[in-house]
Structures are given as C-alpha cells and as structure tokens.
Amino acid sequence: QVQLVESGGGLVQAGGSLRLSCAASGSIFRINTMSWYRQAPEEQRELVARITTAGRTNYADSVKGRFTISRGNAKKAVYLQMNSLKPEDTAVYYCNADISPFGSGYDNYWGQGTQVTVSA
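Residues numbered from 1 in each chain as written. Predicted model: local features only at pLDDT ≥ 70, side-chain atom pairs only at ≥ 80, totals over all residues. Heavy atoms only, no water.

K.L.:
Summarise the nonpolar core; cite the residues concerned and give the values.
P.N.:
Trp36, Leu80, Met82, Tyr93 and Ile99 are the most contacted members of the largest nonpolar core, which totals 30 residues. Looking at this core, the elements that each hand over two or more residues are strand S3 (18–25), strand S4 (30–39), strand S5 (46–51), strand S7 (67–71), strand S8 (77–82), strand S9 (91–100) and strand S11 (114–119). Per-element accounting of this core gives the leading share, 5 residues, to S9. Aside from chain neighbours lying at most four places away, what touches isoleucine 99 is Val2, Leu4, Ala24, Ile28, Arg30, Ile31, Gly105, Tyr106, Asp107 and Tyr109. (Core = buried A, V, L, I, M, F, W, Y, C linked by side-chain atoms within 4.5 Å. Buried < 20%, exposed > 50% of the residue type's maximum accessible area, 1.4 Å probe, protein only. Helix = DSSP H or I, 4+ residues; strand = E, 2+ residues; numbered from the N terminus. Contact = heavy atoms within 4.5 Å.)

See the structure below:
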C-alpha cells in the first residue's frame, strides 16, 4: 500500500521560513510528477509547486521567488522550502504524487496534510 507522509509544518512569524518534507513508502515501482498543494479555510485546494522526474518545476505566481520545490536523491521524497512567508500562506499543505505501484500505469496519491500557520 502506497503512503505519502508530510512533515515540517508549524507556526512561524511573517518573514520566516519553513521546510516541508514528504516521503513516499510502500509498494512503489516508479514515481512520476510530485507536487505540493494547499488549502486555506473556505478556499479551494490550489497547486503551489510541481516537479517532474527530470527536475522541471513550475510554481503558483503567488509563491514564485519565495518557495523552492526539490526531490530527494532516490526520487521518493519531495521538499518545499518556504521563505519570506506571509500570513496569506497559511493553509493545510498536501503532498501529491503520480505513482506506479507495479509498473503498469500510474495512480494519483495524496498525503494527509500538514498545517502551516503564518502570524502577522
């Protein structure tokens, strides 16, 4: 069974930094694209950043220049370095990945989410 487990959330003052981590475990043949999404109260879930196996990245306009997504050497982990945090970054952050458990097609998986709170 495939699992994505996030860590690294917490409470930080505006202007501060946090680093989120997401580790994939279980029956994994290959992982394709990995992403971070976030959802603020009463808002829709939105894409924050995405990274392919080739290392290509794209970011939401609201985080460009402040957040950096990266993958671990074994490609089974993804990180989100968040700098210059703003109160509007407050949300539950979710890890997402396209994973092939057995080598015959990809399924999409979500982590359980980690809370990030930025105080003014």
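K.L.:
Which residues make up unusual backbone geometry, and what values go with them?
P.N.:
With a phi angle near 65°, glutamate 42 is a residue other than glycine that sits in the positive phi range. For glutamate 42, the location among the structural elements is in the loop between S4 and S5. Positive phi, close to 50°, is recorded for serine 84, a residue that is not glycine. Examined against the element boundaries, serine 84 turns out to sit in the loop between S8 and S9.

K.L.:
Talk me through the state of the cysteines; I want residue IDs and the actual numbers.
P.N.:
A disulfide bridge is the covalent bond that connects two cysteines by way of their sulfur atoms. The tally for this structure, following the rule as stated, stands at 1 disulfide. With its sulfur 2.1 Å from that of its partner, cysteine 22 forms a disulfide with cysteine 95. On the S-S bond that ties cysteine 22 to cysteine 95, the torsion sits near -80°, and the link is left-handed. Here cysteine 22 is found in strand S3, whereas its partner cysteine 95 is found in strand S9, with 73 residues between them in sequence. (Disulfide = S-S within 2.5 Å.)

K.L.:
Talk me through the sheet that holds S7; I want residue IDs and the actual numbers.
P.N.:
Ordered by their spatial adjacency, 4 strands build an open sheet running S1-S3-S8-S7, and the pairing between neighbours is antiparallel. The outermost strands of the open sheet, each flanked by one partner alone, are strand S1 (3–7) and S7. Going from strand to strand, the sheet's axes swing by 15° on average, the running direction of each strand aside. Where S3 and S8 come together, 6 bridges link them in antiparallel fashion. Residue pairing across strands places alanine 23 opposite alanine 77, the latter belonging to S8. (Pairing = 2+ DSSP bridges. Axes fitted to C-alpha atoms, helices over the stretch in contact; angles between N-to-C directions.)

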